[in-house]
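Take a look at the letters that make up each chain.
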Amino acid sequence: MSAALNQEKVHDVLGIGFGPSNLALAIALEEHNRNGADDPVDAIFFERQASFGWHRGMLIDGTTMQVSFLKDLVTTRNPASDFSFLSYLHDKDRLTDFINHKTMFPTRVEYHDYLEWAAGRLADVVRYDSEVVEVQPVEGHFEVVVRHGGRLAVHKARNVVLAVGLEASLPEDAELGERVWHNLDLMHRIPELTEAPKRCVVVGAGQSAAEVTDYLHRTFADAEVCAVFGRYGYSPADDSPFANRIFDPRAVDDFYASSPEVRGKLMEYHRNTNYSVVDLELIEELYARSYQEKVRGHERLRILNATRLVDVETRPAGAEVTVEFEPTGERSVLDADLLVYATGCRPRDPYALLGELARYCAWDEQGTLQVERDYRVRTTEELPGAIYLQGGTEHTHGITSSLLSNGAVRAGEIRDSLLARRKAPTRGYALSRS
Ligand SMILES: Cc1cc2nc3c(=O)[nH]c(=O)nc-3n(C[C@H](O)[C@H](O)[C@H](O)COP(=O)(O)OP(=O)(O)OC[C@H]3O[C@@H](n4cnc5c(N)ncnc54)[C@H](O)[C@@H]3O)c2cc1C
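Residues numbered from 1 in each chain as written. Predicted model: local features only at pLDDT ≥ 70, side-chain atom pairs only at ≥ 80, totals over all residues. Heavy atoms only, no water.

- By the naming in an unreviewed UniProt entry, the protein goes by L-lysine N6-monooxygenase MbtG and is assigned to Saccharopolyspora rhizosphaerae.
- Its UniProt record, at the heading Catalytic activity (unreviewed entry), says of the protein: "L-lysine + NADPH + O2 = N(6)-hydroxy-L-lysine + NADP(+) + H2O".
- UniProt, in its Sequence similarities (unreviewed entry) section for the protein, records the words "Belongs to the lysine N(6)-hydroxylase/L-ornithine N(5)-oxygenase family." (UniProt positions renumbered as here; feature names shortened; annotations may be inferred.)

What follows is the structure in structure tokens.
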């Protein structure tokens, strides 16, 4: 890294990634500074995308948020904030139109526009096209190596907040190709198609899988769309009010206080609020469409349930997909000119970024980072400052870790922790390092 340009200033906070999580933190800090604080926080954020983008590859027209607009970047922390979804609507002169719409769940396209609007107002604290490649502890602060386009620069900060989000999760041995994609790339790749596919295969039974199946079926009016999954049917997401409490800020306290056994139980009970489940409305829509096709005697939407992938041969113009209907073991081959793995996402592993820092961090027996209630990674005493995690803390803070629901409150908690530690710095813990 000797060619890296050294930036002299030592920032209070350096955020890695500028998705909704660190955007919410940037707002919390900006509101603190704006209110005439005598201890303003100097923060900078680095985002590797060329401009703000929230899962752009899945911005399918008509898809809606899985979370109420009241759980926006600020409202649950500061209902009076001018960074709220309602302030955005007001600014765009759509507030009364939205009220008439009578929905709590805006489209993802509109929510993206909201996030972009908020990010645009914080342009002075974020650098795009800037990928963090390394974080190093030095005397008194961290040095963070950032790739800005083609050149490297070293930035300095007393505290680092990682919010690097999710990445595609694929079946083992899956090979992506010209016509074999993960759903996160869907809307980036669709424009590359030179002709409409005749047969599409979508693997998976979660919300994204159902959305992709719906989209391909609507978009390519002559194509057969095969939805392949191991379940007997799509399962509905539980968004009933008592179950929804698992997303409350208070549930984070309860989860954090629990033993590993209780945490495991809570996750298991409430997986169906978020994982491998689909909005009931969409399930019913797909069912109605499939039934209509049966009536007409031309079935384009084929639900291959209780079915597993046996083999996929990726080819330049698609894939040969062998599937097995598990109850009978009967196998068939689908000659697909488009295969989409909608097989989920997983938190990006912070390990690669932490590099040498990893040995100053406390890890549990499962190889996961130990994290304090204020989202600070537990570290040894030698580290010069704190490392905070937004995301990747499902094992300690519960199901909201990778979601939007608790982002506003979490950002406030991290801001408060940063401020409190500045007043009364506490060092890390003395750990035995092996
Ligand atoms: C299609 C889809 C729909 C979803 N819908 C919902 C929903 O309705 N409700 C909900 O609660 N959750 C939803 N989620 C979950 C999702 O994780 C959250 O919505 C949200 O994206 C979390 O924000 P984040 O900032 O933590 O992560 P991200 O939004 O993933 O942002 C992380 C950012 O970090 C950047 N980055 C990564 N590594 C680096 C690096 N080394 N250097 C610089 N930048 C880096 C990335 O480019 C990215 O912009 C959805 C997820 C998907 C995939």
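## Describing the overall build of the protein
Item 1. Of the regular secondary structure elements, the protein holds 13 helices and 17 strands.
Item 2. Seen along its three principal axes, the alpha-carbon backbone of the protein occupies a region of about 70 × 55 × 45 Å.
Item 3. With 434 residues in all, the protein has 49% of them scored as buried.
Item 4. Residue pairs at least 24 apart in sequence account for 72% of intrachain contacts in the protein once pairs closer than 6 positions are excluded.
Item 5. For the protein, the computed accessible surface area is about 21100 Å², with 50% contributed by carbon and sulfur atoms.
Item 6. Measuring between centres, the 48 positive side-chain charges of the protein sit 2 Å from its 67 negative side-chain charges. (Helix = DSSP H or I, 4+ residues; strand = E, 2+ residues; numbered from the N terminus. Buried < 20%, exposed > 50% of the residue type's maximum accessible area, 1.4 Å probe, protein only. Contact = heavy atoms within 4.5 Å. Areas by Shrake-Rupley, 256 points an atom, 1.4 Å probe, with all protein chains shown as cover. Lys, Arg positive; Asp, Glu negative; His and termini not counted. Charge placed at Lys NZ, Arg CZ, Asp CG, Glu CD.)

## As for the environment of Gln 49
Item 1. Looking at where Gln 49 falls in the secondary structure, it is placed in the loop between strand 2 (43-46) and helix 2 (85-91).
Item 2. Residues Gln 49 and Glu 131, spaced 82 residues apart in sequence, show a C-alpha to C-alpha distance of 8.0 Å.
Item 3. Each residue touching Gln 49, except ones within four places of it in the same chain, is listed here: Tyr 128 and Asp 129.
Item 4. A polar side-chain atom of Gln 49 sits 3.0 Å from the main-chain carbonyl oxygen of Gly 53. (Polar contact = N/O pair within 3.5 Å; in protein donor to acceptor, adjacent residues only side chain to side chain.)

## Re the environment of Leu 383
Item 1. For Leu 383, the position within the fold is in the loop between helix 11 (351-354) and strand 17 (387-389).
Item 2. By relative accessible area, Leu 383 is classed as buried at 4%.
Item 3. Each C-alpha atom, one on Leu 383 and one on Arg 127, is 26 Å from the other, the two residues being 256 residues apart in sequence.

## Looking at the site of the ligand
Item 1. Neighbouring the ligand are 29 residues, the closest being Ser 21, Glu 47, Gln 66, Ser 402 and Leu 404.
Item 2. Ser 402 places a polar main-chain atom, nitrogen or oxygen, 2.7 Å from an oxygen atom of the ligand.
Item 3. In isolation the ligand has 990 Å² of accessible area, and contact with the protein removes 92% of it.
Item 4. Elements with a contribution of two residues or more to the shell around the ligand: helix 1 (20-34) and strand 4 (130-138).
Item 5. The leading source of residues in the shell around the ligand is strand 4, at three residues.
Item 6. Across the shell around the ligand, the residue classes tally to 14 nonpolar, 10 polar and five charged. (Near = heavy atom within 4 Å. Nonpolar A, V, L, I, M, F, W, Y, C, P; charged D, E, K, R; others polar.)

## Points about the domain arrangement of the protein
Often, the extent of an interface is quoted as the loss of accessible area on bringing the components together.
Item 1. Taken domain by domain, the protein consists of domain 1 (5-165 + 348-423) and domain 2 (168-236 + 275-344).
Item 2. One C-alpha centre belongs to domain 1, the other to domain 2, and the line joining them spans 34 Å.
Item 3. With both chains or domains summed, domain 1 and domain 2 bury close to 960 Å², and 55% of this area falls on carbon and sulfur atoms.
Item 4. The interface formed by domain 1 and domain 2 holds one salt bridge in total.
Item 5. Here Arg 108 ties to Glu 211 by a salt bridge, and the two come within 2.8 Å at their closest N and O atoms.
Item 6. The tally of links from domain 1 across to domain 2 stands at four residue pairs in polar contact (both at pLDDT 80 or more).
Item 7. By residue class, the composition of the side of domain 1 that touches domain 2 is four nonpolar, six polar and four charged. (Domains from an automatic or database assignment. Buried area = accessible area lost by both parts, 1.4 Å probe. Salt bridge = Lys/Arg side-chain N within 4 Å of Asp/Glu carboxyl O.)

## What to know about the sheet that holds strand 10 (residues 224-228)
Item 1. With parallel pairing, five strands are arranged side by side in an open sheet as 8-15-9-10-11. Unpaired on one side and paired on the other, strand 8 (180-182) and strand 11 (301-304) mark the two borders of the sheet. Looking at each pair of strands side by side, their axes are set apart by 20° on average, direction ignored.
Item 2. Sheet analysis places strand 8 next to strand 15 (residues 338-341), joined by three bridges and oriented parallel. Looking at strand 15, one finds that Trp 181 is bridged to Val 340.
Item 3. The strands touched by helix 6 (residues 207-219) within the sheet are strand 9 (199-203), strand 10, strand 11 and strand 15, with strand 9 carrying the most contacts at an inclination of about 170°. (Pairing = 2+ DSSP bridges. Axes fitted to C-alpha atoms, helices over the stretch in contact; angles between N-to-C directions.)

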